[in-house]
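So the chains spell out like this:
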Amino acid sequence: MIRTFKTTAVAALCAAVVGVGAAGCNADGLDELDKLDALDATSSTSQEAGEKLLSGTEKIDVAGLKVNVSCAGEAAEGKPVIMLLAGAGDGLDKLAALQKTLSAKNRVCSYDRPGEGASDKPKGPQTFESAGEVLTAVLDKAAGDHPVVLAGHSLGGLIAARYAPEHTDKVKGVVLMDATPSTMLSDMEKSIPANAKGPAGELRAQNLAVFKGQNPEMMSMPDGPVAAAGDIPVEVLKHGKEYLAALPTYGPRLEQAWTAGQRAWLKLSSNSKLIVAEKSEHYIYVDQPELAAESIERVTAQAAGDQPAQ
């Protein structure tokens, strides 16, 4: 059910709400990955104290599946490794430019979840729990004993926010870039009635199907409460251009629900703040890459104790 982003108004809105991006690889992203691999090939894969961490782009074995992982930059003692999580329908190539920017001063990694990008397709239905198990395996290879900061877009943000509260021993900061709200399923049902016709009815049906597992990752995404992850630094970036409102009749309701969902993510930590990306639609790290990078670097510095909470 992956549709090319912004091919039609409905496809665009579905992409925004669920996090579905363009199917297949992005040529610009692939170029950036090639540059990252070439750059990282010149550095040692042996980090401090002889620790061996994944370098460049390679596939690792996770529960019988090949999962594609990319890492760039050097790990520094006491400084978290940044893990980028893409939205549904996007591979790590979509994040390559952001990864390259951040790798100048940080060790940064990204990966294709099973069913996305160059990773194997899942063998059966997936849940937030199984997605967390994959993330744990990736972090073991990519970050080793280092603490991590999770930076997720859309569905990647939802997964990061579900994962962090149960892994505060490892996760020391989170950045959510227009993360899918924790109540998106019920928000969709309430915002667009079941008898809606035309684009609104199609959008509702598509999203409900995706959230119930009809997606390349075969992942069901039930609603749930926002769990707390203590006082780790958390920044929630919300789109500022209200493009969801473009849907006739029901668009404003979706925008209101999305905004409420972003505010709800602040409950993730007692040390959280909301930032509105005034010039961005859903893909904040594409529309305002400097804003996204600054947020991730700020949270990483706070997690390392190099910068006080703001």
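Residues numbered from 1 in each chain as written. Predicted model: local features only at pLDDT ≥ 70, side-chain atom pairs only at ≥ 80, totals over all residues. Heavy atoms only, no water.

What follows covers the packing of aromatic side chains. Aromatic ring pairs are described here by two measures, namely the spacing of the ring centres and the angle between the planes. Taken as a whole and judged by the stated rule, the model has 1 aromatic pair. Seen from the ring of Phe-128, Arg-162 lies directly overhead, with NZ or CZ sitting 5.4 Å from the centre. (Phe/Tyr/Trp six-rings, centres within 6.5 Å; stacked < 30°, edge-to-face > 60°. Lys NZ or Arg CZ within 6 Å of the ring centre and 35° of its normal.)

With that out of the way, let us pick up the confidence of the model for the protein chain. In this model, the protein chain carries an average pLDDT of 87, and 82% of its residues clear a pLDDT of 70 or more. Throughout residues 38-50 the model reports pLDDT below 50, and contacts reaching past four residues in sequence, or to other chains, amount to 20 contacts. (pLDDT = per-residue confidence, 0-100. Contact = heavy atoms within 4.5 Å.)

With that out of the way, let us pick up the sheet that holds strand β7 (residues 234-239). On the basis of which strands lie adjacent, the open sheet formed by 8 strands has the order β1-β2-β4-β3-β5-β6-β7-β8 and mixed pairing. Both outer strands of the open sheet, β1 (56-62) and β8 (272-277), are each paired with one neighbouring strand and no more. Each adjacent strand pair in this sheet contributes to an overall mean axis angle of 20°, direction not counted. Bridge count for β7 against β8 is 6 bridges, and the pairing is parallel. Looking at β8, one finds that His-239 is bridged to Ala-277. Across the sheet, helix α4 (residues 128-142) lies against β1, β2 (65-72), β3 (81-85), β4 (108-111) and β5 (148-153), angled at about 145° from β3, the strand it touches most. Each of β7 and β8 touches helix α8 (residues 251-264); the most contacted strand, β7, lies at about 170° to it. (Pairing = 2+ DSSP bridges. Helix = DSSP H or I, 4+ residues; strand = E, 2+ residues; numbered from the N terminus. Axes fitted to C-alpha atoms, helices over the stretch in contact; angles between N-to-C directions.)

Contact pair helix α6 (residues 184-191) / α8: the axes reach a minimum separation of 9 Å and the direction vectors enclose 155°. Comparing their axes, α8 and α6 come out roughly antiparallel. Of the two elements, α6 crosses α8, and the hand of that crossing is right-handed. Contact with α6, carried on its side by Met-184, Asp-187, Met-188, Lys-190 and Ser-191, involves Arg-253, Leu-254, Ala-257 and Trp-258 of α8 and no other residues of that element. Looking at the contact of α6 with α8 residue by residue, the classes come out as 5 nonpolar, 1 polar and 3 charged. (Parallel < 35°, antiparallel > 145°, perpendicular 65-115°, else oblique. Left-handed = near helix turned anticlockwise from the far one by under 90°. Nonpolar A, V, L, I, M, F, W, Y, C, P; charged D, E, K, R; others polar.)

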